[in-house]
Amino acid sequence: MIPDADFDPQALSRLWERQWPECPPVAYWLRGHYPDRWIRFHSLPESKRYPDDEAEYAIVLNRHHTMLSELDPGPELLVITAEWTNTPALTLRRWPSRSEVTPAAQQRKHAFP
């Protein structure tokens, strides 16, 4: 976990630029800019994108835990997620909150340029 005082959005931007200098910080562009380093993990059978019920959520969690076990990130892991909308209004959540899935997780909200 990263304490608030240690989280630096500019440092995260610099890290991105070092790792992927040919690609702006738009995750889905990585496939085109770095096809040799890009991979997609399917979370549900038949490439279904979003779980519809508790059984499918269980499949997603099992597959994510399996992937993390294989990658072995160590005791700390920084996970970056993005949410966006075309309007200033809040949108309905498709996923449970991170605190429901992983109570020890810390959530930060930052706007990056």
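Residues numbered from 1 in each chain as written. Predicted model: local features only at pLDDT ≥ 70, side-chain atom pairs only at ≥ 80, totals over all residues. Heavy atoms only, no water.

Draft legend 1. Looking closely at the overall build of the protein chain. For the protein chain, the helix and strand inventory stands at 4 helices and 0 strands. A buried classification covers 12% of the 113 residues belonging to the protein chain. Surface accessibility of the protein chain: about 10100 Å² in total, with carbon and sulfur atoms responsible for 56%. (Helix = DSSP H or I, 4+ residues; strand = E, 2+ residues; numbered from the N terminus. Buried < 20%, exposed > 50% of the residue type's maximum accessible area, 1.4 Å probe, protein only. Areas by Shrake-Rupley, 256 points an atom, 1.4 Å probe, with all protein chains shown as cover.)

Draft legend 2. Looking closely at the pattern of salt bridges. Counted by the stated rule, this structure contains 2 salt bridges. Between Asp-52 and Lys-48 there is a salt bridge, with the nearest N and O atoms lying 2.6 Å from each other. The class for Asp-52 is exposed, based on a relative accessible area of 62%. The partner of Glu-56 in a salt bridge is Lys-48, and the shortest N-O contact between them spans 2.7 Å. Taking the relative accessible area as the measure of exposure, Glu-56 reaches 18% and is therefore buried. In this structure Lys-48 comes out as partly exposed when scored by relative accessible area, which is 30%. Salt bridges sharing common partners tie together Lys-48, Asp-52 and Glu-56. (Salt bridge = Lys/Arg side-chain N within 4 Å of Asp/Glu carboxyl O.)

Draft legend 3. How the structure looks around unusual backbone geometry. Its identity is not glycine, yet Glu-46 carries a phi of approximately 55 degrees, on the positive side. If you trace the backbone, Glu-46 turns up in the loop between α2 (30-33) and α3 (54-71). You can call Glu-46 exposed: its relative accessible area is 82%. Unusually for a residue other than glycine, Ser-47 sits at a positive phi of about 60 degrees. One can find Ser-47 in the loop between α2 and α3.

Draft legend 4. Region of interest: a nonpolar patch on the surface. Side chains of Leu-68, Leu-71 and Leu-77 sit close together on the surface and give an oily, nonpolar patch of about 260 Å² of accessible area. By relative accessible area, Leu-71 is classed as exposed at 54%. (Patch = residues over 30% accessible without salt bridge, like charges linked within 9 Å, V, L, I, M, F, W, Y side chains within 5 Å.)

Draft legend 5. Focus on the packing of aromatic side chains. All told, the structure shown has 2 aromatic pairs when counted by the stated rule. Ring geometry for Trp-16 and Trp-20: centres 4.5 Å apart, planes at 55 degrees, overall tilted. By relative accessible area, Trp-16 is classed as buried at 18%. Since its relative accessible area comes to 23%, Trp-20 is described here as partly exposed. The aromatic ring of Trp-38 is capped on one face by Arg-31, whose charged end is 5.0 Å from the ring centroid. (Phe/Tyr/Trp six-rings, centres within 6.5 Å; stacked < 30°, edge-to-face > 60°. Lys NZ or Arg CZ within 6 Å of the ring centre and 35° of its normal.)

Draft legend 6. Region of interest: the side chain of Glu-56. Mapped onto the elements of the fold, Glu-56 is located in helix α3. Within the structure, the side chain of Glu-56 is placed 2.7 Å from the side chain of Lys-48, a separation counted as a polar contact. Polar side-chain contacts of Glu-56 include one of 2.6 Å to the backbone nitrogen of Asp-52. When neighbours within four sequence positions are excluded, Glu-56 is seen to be in contact with Leu-44, Lys-48, Tyr-50 and Pro-51. (Polar contact = N/O pair within 3.5 Å; in protein donor to acceptor, adjacent residues only side chain to side chain. Contact = heavy atoms within 4.5 Å.)

It is worth stressing that arrangement in space is one thing and function is another; only the former is reported here.
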